[in-house]
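Structural overview
Next come the chains, spelled out residue by residue.
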Amino acid sequence: MKSLPNILSTGRLILTVFMFVALAAAAGGVPYVSENLTPEAQFALQRFAFWAFVIAAVTDYFDGWLARKLDAVTVWGAILDPIGDKVLVAGAILGLMALGPQPMVVLPVGLILFREFTVSALREVGAGKGVKLPVTLLAKWKTTLQLVGLGAELLVASWAAFQLPSDPAIQGPVMVFAHTVLWLAALVTLITGWQYWNQTRKALAA
């Protein structure tokens, strides 16, 4: 049972790979495979990718919760969990952008990727100097907002694949919600990135 959190984290990484490949194939980015897909097969891949993302996002909560509940916090788990988060977010962003031009999404997802890579570099440099950057409560909210926002954006981008009503009165509010949460996620992402930057700068200067 104590290995369950790590199994979930590993499963999240595997699901992320399948999610990204499915989105890339549906968008025409996989040679030979994409060329032979029917429209229905493309829609099926988009639906699969969306549900794969949702399941992977849910495991992000449960692996950490189970690790604490089962007293199964391990070094391997501490490595896998943040990697799984970042790979899931990056994979969803790249897959989302592959589906087509989305002007309202480009800036926030670009800022999110910029922050994630920067903080990863800060952690690596800090670790070499003995500086630890503990995950803050705001950073946890950041991850939640990112996952909700990206999930909503994937739903909007795959609207036709789910055969949802094309009525603007229905699709419009969902689109506004998705954009709002994603932009809010980008804002919180930048705030937490600045916090980590300051923590690292002060620790290295001490």
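Details of the structure are given in the entry above.
Only a predicted model underlies this, so the values are computations on that prediction, with no experimental measurement involved. (Residues numbered from 1 in each chain as written. Predicted model: local features only at pLDDT ≥ 70, side-chain atom pairs only at ≥ 80, totals over all residues. Heavy atoms only, no water.)

Quick word on the packing of helix α5 (residues 137-157) against helix α6 (residues 168-205)
Stated precisely, the cut-off is as follows: In this description, a line fitted to the C-alpha atoms serves as the axis of each element, helices being fitted only across the stretch in contact, and the angle between N-to-C directions of two axes falls anywhere from 0 to 180 degrees. Helical segments are the DSSP runs of H or I of at least four residues, strand segments are the runs of E of at least two, and each set is numbered from the N terminus. Each angle receives one of four descriptions, namely roughly parallel if under 35 degrees, roughly antiparallel if over 145, roughly perpendicular if within 65 to 115, and oblique otherwise. The sense of a crossing depends on the near helix, which, turned anticlockwise from the far helix by less than a right angle, makes the crossing left-handed and, turned clockwise, makes it right-handed. Asp, Glu, Lys and Arg are counted as charged, while Ala, Val, Leu, Ile, Met, Phe, Trp, Tyr, Cys and Pro are counted as nonpolar; the rest, among them Gly, fall into the polar class.
At a minimum axis separation of 8 Å, α5 and α6 run at an interaxial angle of 150°. Here α5 is positioned roughly antiparallel relative to α6, judged by the angle of their axes. Crossing of α5 against α6: the hand is left-handed. Its residues placed into classes, the contact of α5 with α6 shows 18 nonpolar, six polar and two charged.

Brief notes about the nonpolar core
Rule in force here: Nonpolar cores were defined as sets of buried Ala, Val, Leu, Ile, Met, Phe, Trp, Tyr and Cys residues, with membership established by side-chain atoms within 4.5 Å. A simple rule labels every residue: compare its accessible area, found with a 1.4 Å probe on the protein chains alone, to the largest value its type can have, and call it buried under 20%, exposed over 50%, or partly exposed in between. The contact definition used throughout considers only heavy atoms, calling two residues in contact when any of these lie within 4.5 Å.
By size, the foremost hydrophobic cluster in this structure holds 23 residues, and its most contacted members are M19, F53, L88, L150 and L154. Counting residues per element, the ones that place at least two in this core are α1 (4-26), α2 (39-69), α3 (75-98), α4 (103-128), α5 and α6. Top element by residues in this core is α2. It accounts for six residues. Here L154 is in contact with L23, F50, F53, A92 and L96, once residues within four sequence places are set aside.

Things to note about the packing of aromatic side chains
Each aromatic ring pair is characterised by the separation of its centres together with the angle its planes make. Note the cut-off: Within 6.5 Å between ring centres, the rings of Phe, Tyr and Trp (the latter by its six-membered ring) count as paired, and their orientation is classed by plane angle as stacked under 30 degrees, edge-to-face over 60, tilted in between.
Counted according to the given criterion, the structure contains three aromatic pairs. Ring plane angle 75° and centroid distance 5.0 Å describe the contact between F50 and W51, whose orientation is recorded as edge-to-face. Pairing W51 with F162 gives two aromatic rings, centres 6.4 Å apart and planes at 80°, and the pair type is edge-to-face. Linking W51 in helix α2 with F162 in the loop between α5 and α6, this pair joins segments that are 111 residues apart in sequence. Taken together, the aromatic side chains of F50, W51 and F162 make up a single cluster linked through ring pairs.

Observations concerning the side chain of S9
Structurally, the position occupied by S9 is in helix α1. With residues up to four places along the chain from it excluded, the contact list for S9 reads D63, L80 and D81.

Comments concerning the environment of A56
By the secondary structure assignment, A56 is in helix α2. In sequence terms A56 and I112 are 56 residues apart; their C-alpha atoms lie 19 Å from each other. Beyond its immediate chain neighbours, meaning those up to four positions away, A56 contacts R12, L15 and L88.

Digging into unusual backbone geometry
Within the chain, Y32 stands out as a residue other than glycine whose phi angle is a positive 70°. When you line up the elements, Y32 lands in the loop between α1 and α2. Given a relative accessible area of 60%, Y32 falls into the exposed group. Unlike most non-glycine residues, Q163 shows phi in positive territory, near 55°. Relative to the assigned elements, Q163 resides in the loop between α5 and α6. Here Q163 falls in the exposed class, since its relative accessible area comes to 68%.

Some details on α6
Since the α-helix advances by 3.6 residues per turn, residues separated by three or four positions end up pointing in the same direction. So the rule is basically this: In a helix, the anticipated span is given by 1.5 Å times the number of residues less one. N or O atoms closer than or at 3.5 Å make up a polar contact, with two conditions inside protein: a donor-capable atom paired with an acceptor-capable one, and, for residues adjacent in sequence, both atoms drawn from side chains.
With 38 residues, α6 should cover 56 Å at 1.5 Å per step; its first-to-last C-alpha distance of 54 Å lies within 8% of that length. Of the residues that open α6, the one with a side-chain oxygen 3.0 Å from the backbone nitrogen of A169 is D167.

Let's talk about the pattern of salt bridges
Any two side chains of opposite charge can pair if their charged atoms end up close together. For the record, the criterion: Put simply, a salt bridge is a Lys or Arg side-chain nitrogen that is within 4 Å of an Asp or Glu carboxyl oxygen.
Throughout the structure, instances matching the rule amount to six salt bridges. A salt bridge links R12 to D85; the shortest N-O distance between them is 3.2 Å. Of this pair, R12 sits in helix α1 while D85 is found in helix α3, placing the two residues 73 residues apart along the sequence. Residue classification places D85 among the buried residues on the basis of a relative accessible area of 15%. For E116, the salt bridge is made with R115, and the minimal N-O distance between the two is 3.1 Å. Each of the salt bridges in this network shares a partner with another, and the network as a whole consists of K86, R115, E116 and K142.

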